[in-house]
Amino acid sequence: MLDEKIDQLVQMLEKQEMEATNISATIYTELLAAYLYQGDLNNVNYLWKRIPASVKQGNRELERMRQIYRHLVDNDYPAFYRAMDYEWSRNVAEIMFELKNKVRQECLSTVGKTYVTIFQSVLMGIANLTADQIEETCKTMGWELTPGNDPIIVIKKQATEMKVPPATCEAQLAMLTDFISFLEN
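Quick look at the structure, then. Given the structure is predicted, the values throughout are model-derived calculations rather than measurements. (Residues numbered from 1 in each chain as written. Predicted model: local features only at pLDDT ≥ 70, side-chain atom pairs only at ≥ 80, totals over all residues. Heavy atoms only, no water.)

Regarding the overall build of the protein
Line of reasoning, step 1. Helix and strand counts for the protein stand at 10 helices and three strands.
Line of reasoning, step 2. Along the longest, intermediate and shortest principal axes, the C-alpha atoms of the protein span 75 × 50 × 35 Å.
Line of reasoning, step 3. Each of the 185 residues in the protein was classed as buried or not, and the buried ones make up 33%.
Line of reasoning, step 4. A separation threshold of at least 6 residues defines the contact pool for the protein, and within that pool the share at least 24 residues apart is 55%. (Helix = DSSP H or I, 4+ residues; strand = E, 2+ residues; numbered from the N terminus. Buried < 20%, exposed > 50% of the residue type's maximum accessible area, 1.4 Å probe, protein only. Contact = heavy atoms within 4.5 Å.)

Description of the packing of aromatic side chains
Line of reasoning, step 1. The full count for this structure, using the stated rule, is two aromatic pairs.
Line of reasoning, step 2. Both rings, one in Y86 and one in W88, keep their centres 4.8 Å apart while their planes meet at 65°; by these two values the pair is edge-to-face.
Line of reasoning, step 3. Y86 sits in the partly exposed class, given a relative accessible area of 26%.
Line of reasoning, step 4. Note on W88: relative accessible area 10%, which makes it buried.
Line of reasoning, step 5. Seen from the ring of Y37, K102 lies directly overhead, with NZ or CZ sitting 4.3 Å from the centre. (Phe/Tyr/Trp six-rings, centres within 6.5 Å; stacked < 30°, edge-to-face > 60°. Lys NZ or Arg CZ within 6 Å of the ring centre and 35° of its normal.)

Side note on a nonpolar patch on the surface
Line of reasoning, step 1. On the surface, L176, F179, I180, F182 and L183 cluster together into a nonpolar patch covering about 540 Å² of accessible area.
Line of reasoning, step 2. Looking at the secondary structure, you find L176 in helix α10 (residues 169-184). (Patch = residues over 30% accessible without salt bridge, like charges linked within 9 Å, V, L, I, M, F, W, Y side chains within 5 Å. Areas by Shrake-Rupley, 256 points an atom, 1.4 Å probe, with all protein chains shown as cover. Salt bridge = Lys/Arg side-chain N within 4 Å of Asp/Glu carboxyl O.)

Quick look at the structure:
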C-alpha cells in the first residue's frame, strides 16, 4: 500500500516539476526521498543534476539525501545508516523512516539467501541492529546464533526440490539420438 502511495506521489511531483517554473526545495526533497524509497538510483542521480545549484546550496536535507544515495550506490550500509540518522522535515520523515526499514529488510533477505554463516558484528553493521535485536532476528528467521567472542550466525538453508518436467517419448528418443550421435563423433 505504501508503494502505491509513493508511486502516486512520484507522478504528482514529476508533473509539478514539469509544469512549474520556480520549483521549491520541498518538491525536490520529496521527489528525491520517493526515488530513494523506490530504489530508483538512476532517477536520483538525474534529479540531482537537474536541481539548480541555488536550491542545493545550503540545503542540508538535500545534501544528506545525496550522501544516502552515494552510500546505496557503494553498498556501504553502515555509512547509509549513519547518514539516515538525521532530523528529517515532516514532509519526508515517514518516507525516510520506511526507506531505512526497507533497506534493513532487503539486507536481511540478501544475507539469508547468500550466506551460510556470518559474524554477528558484520550483520550488526549491515543491518544496523543491536546484539539483542540480532538475537530476536535470528529466532524469527530460524537462524542459529553460536556463542563466542564474536558470535557466528549459522543460516539454515531450505532444501529446494528440482522438478524436472516429464518428457514425452518422442523428446526422450530425440535426446537419446543426439547423445549417441555426440558419442560417435
